[in-house]
Each structure stands twice: as C-alpha cells, then as structure tokens.
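Spelled out from the first residue to the last, the chains are:
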Amino acid sequence: ETVQVGDGRAYATGYYIPEIAGSPTYREGYAPIYARPDDLVDVDLGQFSADLKGKSIRGRVDGNKFVPYYDRTAIEQGALNRKARILGYAVD
C-alpha cells in the first residue's frame, strides 16, 4: 500500500520477503523441496499452430501420451522418487 510522504511528491512502498524455516537434512514436520523433475516436459504450443504462439504447457510422457504432471497428492505419495533430487527441507 502506498502512503503520502510530506507534500505528496514522493511515495514509499514496502516489500514482503517471506522467511521459511528450512534444513539441508530431513527433520520431523519438514517437507522436501525438489529440484526440477527429470521427466517434466515443456511444450511450446506455437510450434504446432500459429494461433497458439506464445502459449505453452508442461506435463510428462506416459507411454506414448502426453499427460498432466503429477498433482500434490501423488507427489506426497512418492511420485517424484528417483525423478527429482531433494534440494533441502522446509516447514510444511
């Protein structure tokens, strides 16, 4: 939120910097922070149609189909095991 300073010829703003408790090793109550998964695929849809220029989607290949990437529930159940390295852990 901006506020008037003095005669109004200047404005002051604030910035929010979140702080999250983290650890390089597992701790009870902490969740993993993953690197980009090896099987995550970016698709530039503009290569397929001029109408889709500037649009893209992400997903993964399952057999011979392109499908949405795993949701949070699947990830929490281990879908990223051996697909993304763990960078660290943070309070969930």
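A short tour of the structure in this document, coming up. (Residues numbered from 1 in each chain as written. Predicted model: local features only at pLDDT ≥ 70, side-chain atom pairs only at ≥ 80, totals over all residues. Heavy atoms only, no water.)

To continue, consider the pairing of strand β8 (residues 86-91). As paired elements, strand β3 (residues 22-23) and β8 share 2 bridges and run antiparallel to each other. Considered in β8, the bridge of Ser 23 is made with Tyr 89. (Pairing = 2+ DSSP bridges. Helix = DSSP H or I, 4+ residues; strand = E, 2+ residues; numbered from the N terminus.)

Turning our eyes to something else, we now look at the sheet that holds β8. Here we have 3 strands laid out as an open sheet, ordered β3-β8-β4, and antiparallel in their pairing. Only two strands of the sheet have a single partner each, and these edge strands are β3 and β4 (30-34).

It is worth spelling out the sheet that holds strand β7 (residues 65-67) at this point. Pairing is antiparallel in the open sheet, where 3 strands are placed in the order β5-β6-β7. At either end of the open sheet lies a strand with only one pairing partner, and these are β5 (41-44) and β7. Across this sheet, the average inter-strand angle for adjacent strands is 50°, counted without regard to direction. Sheet analysis places β5 next to strand β6 (residues 56-62), joined by 4 bridges and oriented antiparallel. Within β6, the position partnered with Val 41 by the bridge is Gly 59. (Axes fitted to C-alpha atoms, helices over the stretch in contact; angles between N-to-C directions.)

What follows covers the environment of Asp 62. Take Asp 62: it is sitting in strand β6. Of the residues examined, Asp 62 reaches a relative accessible area of 45% and is grouped as partly exposed. In this structure, the C-alpha to C-alpha distance between Asp 62 and Asp 39, residues 23 residues apart in sequence, is 9.9 Å. (Buried < 20%, exposed > 50% of the residue type's maximum accessible area, 1.4 Å probe, protein only.)

Before going further, it helps to spend a moment on unusual backbone geometry. Notably, Arg 82 is not glycine yet its phi reads approximately 65°, a positive angle. With respect to the element layout, Arg 82 can be found in the loop between α1 (72-76) and β8. Judged by relative accessible area, Arg 82 falls into the exposed class, the value being 81%.

Tracing the backbone shows Arg 72 in helix α1. On the basis of relative accessibility, which here comes to 55%, the residue Arg 72 falls in the exposed class. As a C-alpha pair, Arg 72 and Arg 27 span 45 residues in sequence and 20 Å in three-dimensional space.

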